[in-house]
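Summary of structural features
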Amino acid sequence: MLKTGVVMELYLDTADVAAVKRLAGILPLQGVTTNPSIVARAGVKLWDLLPALQDALNGEGKLFAQVVAVDTPQMVREAEQLAQRVPGLVVKIPVTPAGLAAMKILKPSGIPLLGTAVYGALQGLMAALAGAEYVAPYVNRLDAQGGDGVATVSELQELLTLHAPQSKVLAASFRTPQQALGCLLAGCQSITLPVDVADQLLNTPAVAAAVDGFGREWQQAFGTLSL
């Protein structure tokens, strides 16, 4: 059962501020997602990174940042801290028993939440019912473990449509544009792409060859590359 008339949300999954600024001028981005590993690899403190990402997006779009704690009380404290420091930020919480408990506690506060590290459709549904606005299945990681990431996204989207229509699938962990295409065709409303996959969408050799051909023939005929 696919939702129709729903506007897709496209995010970048990165802490590369320069890449965000570059791609924000090209792609219809709704924002940037991060996680502790991405931030750690960037080597930039989160409280410095988030304002820089906002600037790269020209002050528009959503930012996502994840709690680092693994116990419920500390998850709640970190979520509240993130929400206070960056208004409108979506707080990512792993869908573990402690994370689900934290989501239930945070739900009345109205802090936007994303359930992350989702490896199964029922696991994702539990996050939505606990209060997550977004649920993020790991597509390529599922494939790498011998599963079917796109099929899991399809099942999760069906479950949310039936039982938690207030929540959205935000598919993550992509290696190829084909994986992203499969998720979108399965009815997924939102995807977040690493920079290298976003660049694969934009840099197709056949397209470049066709454009070069247009230019050569035009220049041969008219001696210029302008109209």
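Described in the following lines is the structure provided in the data block. Note that the structure is a prediction, hence the values are computed from the model and not measured.

Calculation rules
Sequence order as written defines residue numbering, which begins from 1 separately in each chain. Reporting in this predicted model follows two pLDDT cut-offs: at least 70 for local features of residues, and 80 or more for side-chain atom pairs to be given and counted; totals over whole chains, interfaces and linings ignore these cut-offs and use all residues. Computation of side-chain values covers all heavy atoms of the structure but excludes hydrogens and water. DSSP-based pairing: two strands are paired if at least 2 bridges between them are found. Here a strand is any run of E in DSSP of at least two residues, a helix any run of H or I of at least four, and the numbering for each starts at the N terminus. Note on definitions: angles span 0 to 180 degrees between N-to-C directions of axes, and those axes are lines fitted to C-alpha atoms, for helices only across the stretch in contact. The criterion used for residue contact is that any of the two residues' heavy atoms lie within 4.5 Å. Take the buried residues of types Ala, Val, Leu, Ile, Met, Phe, Trp, Tyr and Cys, join any two whose side-chain atoms come within 4.5 Å, and each joined set is a nonpolar core. Exposure is judged per residue with a 1.4 Å probe applied to protein chains only, and the accessible area is read against the type maximum: over 50% gives exposed, under 20% gives buried, and values in between give partly exposed. Note on handedness: a crossover is taken as right-handed if, strands pointing away from the viewer, the path from the first strand over the helix to the second is clockwise.

Attention now moves to the sheet that holds strand β8 (residues 190-193). With respect to topology, eight strands assemble into a closed barrel ordered β1-β2-β3-β4-β5-β6-β7-β8, the strand pairing being parallel. When the angles between neighbouring strand axes are averaged without regard to direction, this sheet yields 25 degrees. Sheet topology places strand β6 (residues 134-137) next to strand β7 (residues 168-171); two bridges connect them, and they run parallel. Within the sheet, the bridge partner assigned to Val-135 lies in β7 and is Val-169. Set on the sheet, helix α3 (residues 46-56) makes contact with β2 (31-33) and β3 (62-66); between it and β3 the angle comes to about 160 degrees. Along the sheet, helix α4 (residues 72-85) contacts β3 and β4 (90-94); its crossing angle with β4, the most-contacted strand, is approximately 160 degrees.

By size, the foremost hydrophobic cluster in this structure holds 60 residues, and its most contacted members are Val-91, Ile-93 and Phe-174. If you tally residues by element for this core, the top one is helix α6 (residues 121-130), at five residues. Leave out the neighbours within four places in its chain, and Val-91 touches Ala-65, Val-67, Ala-79, Leu-82, Ile-111, Pro-112, Leu-113 and Leu-114. Tyr-11, Phe-64, Val-90 and Ala-136 belong to the second-largest nonpolar core, a separate cluster that totals seven residues.

Judged by how many residues are buried, β4 sits mostly within the fold: five of five residues are covered. Of the two faces of β4, the one lined by Val-90, Lys-92 and Pro-94 and the one lined by Val-91 and Ile-93 are each fully buried. As paired strands, β3 and β4 are joined by three bridges and run parallel to one another. Paired with Gln-66 across the strands is Lys-92, a residue of β4. Taken together, β3, α4 and β4 constitute a β-α-β crossover, and its handedness is right-handed. In this structure, β4 lies alongside strand β5 (residues 113-118), joined through four bridges in parallel fashion. Counterpart to Ile-93 in the pairing with β5 is Gly-115. Between the parallel elements β4 and β5, the chain passes through helix α5 (residues 97-106) in a crossover that is right-handed.

Just geometry here; none of it tells us what the structure is for.
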